[in-house]
Amino acid sequence: MSEKVKIGFYALTSCYGCQLQFAMMDEVLQLLDKANIECWFMVERDSDEDREVDIAFIEGSVSTEEEVELVKKIREKAKIVIAVGSCAIHGGVQSWGKDKGLSELWKKVYGESHVKFEPKMAEPVEKYIKVDYKLYGCPPEKKDFLYALGTFLVGSWPEDIDYPVCVECRIKGNPCILIEKGEPCLGPLTVAGCDARCPGFNVACIGCRGAVGYDVAWFDSLALEFKKKGLTKEEILERMKIFNAHNPKLEEMVNKIFEEGE
Amino acid sequence: MYIPITVDHIARVEGKGGIEIVTSDEGVKEVKLNIIEGPRFFEAITIGKKLDEALAIYPRVCSFCSAAHKLTALEAAEKAVGFTPRPEIQDLRDLLYIGDMIESHALHLYLLVLPDYLGYSNPLAMVDKYKKEIEYAMALKNIGSKTMDYLGSRAIHQENAILGGFGKLPTKRQFEELKRELKEVLPMAEYTVELFAKLEQYKEVKDEEMVHMAVKPRNDVYGIYGDYIKVSDGFEFPVEDYKKYIVEKVVEHSFAKHSFYKDKPFMVGAISRIVNNADLLYGKAKELYSQYKDLLRYDNCFANNFAQALELVYFVERAIDIIDDTLAKWPIKERDEVELKDGFGVSITEAPRGLLVYALEVKDGKVNYADIITPTAMNLAIMERHVRLMAEKHWQDDPEKLKLLAEMTVRAYDPCISCSVHVVKL
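Residues numbered from 1 in each chain as written. Chains lettered and ligands numbered in written order. Predicted model: local features only at pLDDT ≥ 70, side-chain atom pairs only at ≥ 80, totals over all residues. Heavy atoms only, no water.

Peer 1: It is not clear to me how the UniProt feature "binding site: Mg(2+)" (unreviewed entry) in chain B should be interpreted in this structure. Could you clarify?
Peer 2: All names here are of chain B. As recorded in UniProt, the sites labelled "binding site: Mg(2+)" (unreviewed entry) are Glu43, Cys62, Ile372 and His422. Position of Glu43 relative to the elements: it lies in helix α1 (residues 42-46). You can call Glu43 buried: its relative accessible area is 4%. (UniProt positions renumbered as here; feature names shortened; annotations may be inferred. Helix = DSSP H or I, 4+ residues; strand = E, 2+ residues; numbered from the N terminus. Buried < 20%, exposed > 50% of the residue type's maximum accessible area, 1.4 Å probe, protein only.)

Right under this line is the structure:
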């Protein structure tokens, strides 16, 4: 690329962790002679959401009507749209309470008060616009950013990850938290790329990178395993929904296990 | 006819917020800090959820202080179920928390605040002329991140701090490596103090009525944990009484509830910790405190930045001490079993930007009640007052200058707007 690539980083409703991860990369400094930052409020006072960009990174879930308009605007102005992190891709942990409904959640936290924005139940960006690429994780790993950015900068296209955390856990040689310790590890259905970070610390995966796509996430076989270990259907659904509340297959596949077993 | 001065989206803070200043011929009429983030309902969504799963998501309130949220929630949960961690585990939690402090202070000071003083719109533009400063910022940030990587599994949203202790502890070699690197950055932390001592601290914004709140440090160790809250007027109260003294109120001109202590706004954060507990500083931090005492003004919110610089020195030294103690006690068992009895627990700790409250009730292994009050929620009222003081001083100046000064006032507090809005009751 002869001209500098124009980059925008936009935040919807989130913890700002994906941007923070990006900002904390020493490698961002090396990017400077190759890129112009058109919009990135976390670091640039001169930011403008209306400028055209080559690559738009969007973090956060769509949680207000204003954010619906913002993502549409970003799509119009950007050549490539990357959904960054669990909120933008899967609606984030704020979708965990989806079953309770917006008005109940609102009442519990905000009482009878109103604010000037129009709140919505959190939703993934893809519900409103076409997303070209996804960086999984809560937050994504630094290497996720580097791989995507590096690939785009040389004019190529990054591969999507289509295998689960279990693969990386086996490669690292970690003891299996699910089989050996009997804990409800979500490694078998969660998108890999974190190098099995949590199981490497003896902590069961909570699925922060979301379920593997292409309709191959095995909610059913993992649910069967959890059921054998004594977990109830509700417990299984709750755990799987922390980062997958919007997955259309989840409930159906878990239900299947319990119906067949009864 | 005056056009309102508005900053739609305050840059270089965490979260989305705006400032609105309305003036007339007589002066400043209205000052508003607007919060434009969407809701996330953290308290409501975790009710009825399993305790360990809720504890895994509380850090997600905020990335800049995820370790603070994790560790404060953990302490509240352990208090609720009647568990006390072993002292060596508590020390290592302190170390994880200190990683957050170092990273957060370094990022805030160098990348979010310094560009204003040096006349840049973003920190990346400073690279050519201020190479050393950017290198120091990165090195300090990196050691904070590494401490969180080793103790917490990663720098953002740590999963390795769990009920009863840790999933896995770093190896002896990793502790030694951390210690070596902490020693290397200590001079950089000291440089940060010298650097911020030289910057103009906007002394013109003086608030004679300033009240500071901070924890009364447990075991007299300056820093993070405490069972009482100390107010700069001399009053103290147990953390369990937080609702009596940190009173949230609806105010006419703001969408977010503001916090008051005895009907007055109060400040929390690094400067509040220094104001209340400077006598507990030791080592290099104590020397630098004595040298620069005059700059650590209790009546000026901008002194918060200088206090953060001083704390960088303190926390680097304190981290080295914890590692020495840990290695002396080696090997350490990483975790104890925790029985999930029913109960209620309150924890208030010092997050990088001030007091963080978690109150959790546990019933049948699940969260039955949750109340979270974040530092920024507490600071909103006084932050707005100080933006007003700044505006009253500069309302006739060039609007661009006033905008910058108003933004700088907000940035001095190191606000976490995501934090405040997602949990504050509007």
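There's plenty left to go through after this.
Peer 1: Explanation requested: helix α7 (residues 165-172) of chain A in the structure shown.
Peer 2: Owing to its 3.6 residues per turn, the α-helix brings residues three or four apart onto one side. Residues and elements named next belong to chain A. For α7, the set of buried residues is Val165, Glu168 and Cys169. Looking down the long axis of α7, one finds its buried residues gathered within 105° of arc, a one-sided arrangement. Following α7 by one or two positions, Gly173 has its phi on the positive side, about 80°. (Arc of directions from axis to C-beta.)

Peer 1: Would you take a moment to explain the UniProt feature "binding site: Ni(2+)" (unreviewed entry) in chain B for this structure?
Peer 2: Residues and elements named next belong to chain B. UniProt marks Cys65 and Cys416 with the feature "binding site: Ni(2+)" (unreviewed entry), using the numbering shown here. These annotated residues cover 352 residues of sequence, but their C-alpha atoms sit close together, with the largest distance between any two at 8.7 Å. Counting through the fold element by element, Cys65 comes out in the loop between α2 (51-57) and α3 (66-81). A relative accessible area of 2% means that Cys65 is categorised as buried. Locating Cys416 in the fold gives a position in the loop between α12 (399-412) and α13 (417-423). Its relative accessible area of 0% is what places Cys416 among the buried residues.

Peer 1: What's the story with the environment of Lys29(B) in this structure? I'm lost.
Peer 2: Residues and elements named next belong to chain B. By the element assignment, Lys29 lies in strand β3 (residues 27-35). Since its relative accessible area comes to 56%, Lys29 is described here as exposed. Each residue touching Lys29, except ones within four places of it in the same chain, is listed here: Val22, Thr23, Ser24 and Arg388. (Contact = heavy atoms within 4.5 Å.)

Peer 1: What exactly am I supposed to notice about the nonpolar core here?
Peer 2: Nonpolar side chains in soluble globular proteins generally cluster together in the buried interior. Residues Phe57(A), Ile21(B) and Tyr58(B) are the most contacted members of the largest nonpolar core, which totals 181 residues. Ranked by residues supplied to this core, first place goes to helix α4 (residues 87-118) of chain B with 17 residues. (Core = buried A, V, L, I, M, F, W, Y, C linked by side-chain atoms within 4.5 Å.)

Peer 1: It is not clear to me how the packing of aromatic side chains should be interpreted in this structure. Could you clarify?
Peer 2: Aromatic ring pairs are described here by two measures, namely the spacing of the ring centres and the angle between the planes. All names here are of chain A. Taken as a whole and judged by the stated rule, the model has 23 aromatic pairs over all chains. Ring plane angle 55° and centroid distance 5.3 Å describe the contact between Phe22 and Trp40, whose orientation is recorded as tilted. Remark: Trp40 occurs in strand β2 (residues 35-40) and Phe22 occurs in helix α1 (residues 17-23); sequence separation between them is 18 residues. The exposure classification of Phe22 matches that of Trp40, with both residues buried. Ring geometry for Tyr133 against Phe152: centres 6.2 Å apart, planes inclined by 85°, an arrangement best described as edge-to-face. (Phe/Tyr/Trp six-rings, centres within 6.5 Å; stacked < 30°, edge-to-face > 60°.)

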